[in-house]
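Below, each chain spelled out in residue letters.
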Amino acid sequence: MLIVPERDIADLLTREASFDAVEKVFAAMAAGDAYNFPVIREAIGHEDALYGFKGGFDGKGMTLGLKAGGYWPHNLEKRGLINHQSTVFLFDPDTGKVAAMVGGNYLTALRTAAASSVSIKHLARKDAKVMGMIGAGHQATFQLRAALEQRDFDKVIGWNYHPEMLPNIEKVASEAGVPFEAVPLEGIVEADVVISITSTFAPTVMANHISPGTHIACMGTDTKGKQEVEAALLARATVFTDEVAQSISIGEAQHAVAQGLIAESDVHQIGAVINGTHAGRTSDDEITLFDGTGVGLQDLAVAASVVELAVAQGIAIEVDF
């Protein structure tokens, strides 16, 4: 078995490699060549933690495995650790034998940002100039760095529940040479592309906060009951997702479907746009929405890429198992 520790991931994995892996696995999913296993996600009754498993099999990329991990909300304040903790396990699809164990924290941050940036590449207007951010935590910085590579943005605007955290994303914008402006929540209406990355159970972004022609990526809802945007916004938008079954059960679409505002058939796989079997955006006035629920195949694809890089650079640790 090969081991790639968390400490080595940042030096191995690039945003470009993450983007390529995620884009390919979304395409494989839409083509029927890859599928995710049912998600297990539970409150464990200790430290207010959520813990679970995501897995799947990609018959095109020949990747089989799972990610084990979850969210420990008190880690940062009590222990100086990031709140999300995870590990990815890869198995040989021919034999079932364990093949690799890969640190999953930095990997998860990059693959989540890659998913939203894939959606921007394929769904945002080509002339998009104003980038909007809802959220300014640890993951928001990864999201913004990846997003700024997809269009020639003139400006970044941002809002956060805790305004004192906005310098996190202002720093990323400055590093990219793009001006940043903090705005009131309703000021997000100026944005051509919006990423929402919060952990809320009540909508923050209302339908009237999003202008015609905007692309919005909702990246924070991955559990039953969570909600970042008003359900009425999904009724105004053309909705895309990583996996439809997750979108309507634990993703942002769960609320709009439950309220009868949209049907399951109104939610489309982003991979179909990548493959060319769905037109994607069809007009400059169309609102497009990507519901990024986070699928196990994303983690497996990026982890497999990490293992290849680690082997090539001679830093993968091999152990008998």
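The text that follows walks through the structure, step by step, so that each part is easy to find.

Procedures and definitions
Residues numbered from 1 in each chain as written. Predicted model: local features only at pLDDT ≥ 70, side-chain atom pairs only at ≥ 80, totals over all residues. Heavy atoms only, no water. Helix = DSSP H or I, 4+ residues; strand = E, 2+ residues; numbered from the N terminus. Rg over C-alpha atoms; globule rule 2.2 N^0.38 Å. Buried < 20%, exposed > 50% of the residue type's maximum accessible area, 1.4 Å probe, protein only. Contact = heavy atoms within 4.5 Å. Areas by Shrake-Rupley, 256 points an atom, 1.4 Å probe, with all protein chains shown as cover. Lys, Arg positive; Asp, Glu negative; His and termini not counted. Charge placed at Lys NZ, Arg CZ, Asp CG, Glu CD. Salt bridge = Lys/Arg side-chain N within 4 Å of Asp/Glu carboxyl O. Axes fitted to C-alpha atoms, helices over the stretch in contact; angles between N-to-C directions. Parallel < 35°, antiparallel > 145°, perpendicular 65-115°, else oblique. Left-handed = near helix turned anticlockwise from the far one by under 90°. Nonpolar A, V, L, I, M, F, W, Y, C, P; charged D, E, K, R; others polar. Core = buried A, V, L, I, M, F, W, Y, C linked by side-chain atoms within 4.5 Å. Polar contact = N/O pair within 3.5 Å; in protein donor to acceptor, adjacent residues only side chain to side chain. Pairing = 2+ DSSP bridges. Phe/Tyr/Trp six-rings, centres within 6.5 Å; stacked < 30°, edge-to-face > 60°.

### Brief notes about the overall build of the chain
Okay, so step 1: On a plain count of helices and strands, the chain comes out with 11 helices and 18 strands.
Okay, so step 2: For a compact globule of 321 residues, the expected C-alpha radius of gyration is about 20 Å, and the chain comes in at 19 Å, within 12% of that figure.
Okay, so step 3: Along the longest, intermediate and shortest principal axes, the C-alpha atoms of the chain span 55 × 40 × 40 Å.
Okay, so step 4: Scored against the burial criterion, the 321 residues of the chain give a buried share of 56%.
Okay, so step 5: The long-range share in the chain, meaning contacts at least 24 apart out of those at least 6 apart in sequence, stands at 70%.
Okay, so step 6: Only carbon and sulfur atoms are counted for the fraction: they give 54% of the accessible area of the chain, which is about 13,500 Å².
Okay, so step 7: Of note, the chain has its 23 positive side-chain charges centred 1 Å away from the centre of its 41 negative side-chain charges.

### Observations regarding the pattern of salt bridges
A side chain of one charge can pair with a side chain of the opposite charge if their charged atoms are brought near each other.
Okay, so step 1: What the rule picks out here adds up to 14 salt bridges.
Okay, so step 2: With its nearest N and O atoms 3.1 Å apart, the salt bridge here joins Glu190 to Lys155. In this pair, Glu190 sits in the loop between strand 10 (180-182) and strand 11 (193-196) while Lys155 sits in strand 9 (residues 155-159), placing the two residues 35 residues apart along the sequence.
Okay, so step 3: Because the salt bridges share partners, they merge into one network encompassing Arg41, Asp222 and Lys226.

### Points about the packing of helix 5 (residues 138-147) against helix 6 (residues 167-175)
Okay, so step 1: Two numbers describe how helix 5 lies on helix 6: the axes approach to 9 Å, and their chain directions differ by 25 degrees. One finds that helix 5 runs roughly parallel with respect to helix 6. By crossing handedness, the relation of helix 5 to helix 6 is classed as right-handed. On helix 6, the residues that touch Ala140, Thr141, Leu144 and Arg145 of helix 5 are Asn168, Ile169, Val172, Ala173 and Glu175.
Okay, so step 2: Residue composition of the contact of helix 5 with helix 6, grouped by class: five nonpolar, two polar and two charged.

### Overview of unusual backbone geometry
Okay, so step 1: Phi angles above zero are rare outside glycine, and Glu47 is one such case at about 60 degrees.
Okay, so step 2: Mapped onto the fold, Glu47 is located in the loop between strand 3 (40-43) and strand 4 (50-58).
Okay, so step 3: Here Asp48, not a glycine, exhibits a phi torsion of approximately 55 degrees, which is positive.
Okay, so step 4: In this structure Asp48 comes out as exposed when scored by relative accessible area, which is 58%.

### Focus on the nonpolar core
Okay, so step 1: Counting 65 residues, the largest nonpolar core has Phe26, Val102, Met131, Met133, Val156 and Ile195 as its most contacted members.
Okay, so step 2: Setting aside chain neighbours within four positions, we find Met133 in contact with Ala140, Gln143, Leu144, Val156, Ile157, Gly158, Trp159, Ile169, Ile188, Ile195 and Ile197.

### Notes on the side chain of Thr223
Okay, so step 1: Summarising the element assignment, Thr223 is placed in the loop between strand 13 (215-218) and strand 14 (227-229).
Okay, so step 2: In terms of polar contacts, Thr223 uses its side chain to reach the side chain of Arg41, at 2.8 Å.
Okay, so step 3: Leaving out residues up to four positions away in the same chain, Thr223 has contacts with Arg41, Ile250 and Gln254.

### A closer look at the packing of helix 4 (residues 105-123) against helix 5
Okay, so step 1: It is the contact of helix 4 with helix 5, at a shortest axis distance of 8 Å, that shows an interaxial angle of 40 degrees. For the element pair helix 4 / helix 5, the angle class is oblique. Between helix 4 and helix 5 the crossing geometry is right-handed. Of helix 5, the residues touching helix 4 (which contributes Tyr106, Ala109, Leu110, Thr112, Ala113, Ser116, Ser117 and Ile120) are Gln139, Phe142, Gln143, Ala146 and Ala147.
Okay, so step 2: Taken together, the residues that form the contact of helix 4 with helix 5 break down as eight nonpolar, five polar and no charged.

### Thoughts on the sheet that holds strand 15 (residues 238-241)
Okay, so step 1: Spatially, the eight strands line up as an open sheet ordered 10-9-8-11-13-17-15-16, and their pairing is parallel. Each having just a single partner strand, strand 10 and strand 16 (267-269) make up the two edges of the open sheet. Direction aside, neighbouring strands of the sheet carry axes that sit 20 degrees apart on average.
Okay, so step 2: The pairing of strand 8 (residues 130-134) with strand 11 spans four bridges and is classified as parallel. What sits directly across from Ile134, in strand 11, is Ser196.
Okay, so step 3: Packed on one face of the sheet, helix 6 meets strand 8, strand 9 and strand 10 and runs near 160 degrees to strand 10.

### Quick word on the packing of aromatic side chains
Okay, so step 1: Under the definition given, this model contains six aromatic pairs.
Okay, so step 2: Aromatic side chains Phe26 and Phe290 sit 6.4 Å apart centroid to centroid with 55 degrees between the ring planes, which places their arrangement in the tilted category. Of this pair, Phe26 sits in helix 2 (residues 15-30) while Phe290 is found in strand 17 (residues 288-291), placing the two residues 264 residues apart along the sequence. Phe290 matches Phe26 in its accessibility class, with the two residues each being buried.
Okay, so step 3: Judged by centre distance (5.3 Å) and plane angle (80 degrees), the rings of Tyr51 and Phe53 are edge-to-face.

Function cannot be inferred from these measures alone, as they are strictly geometric.
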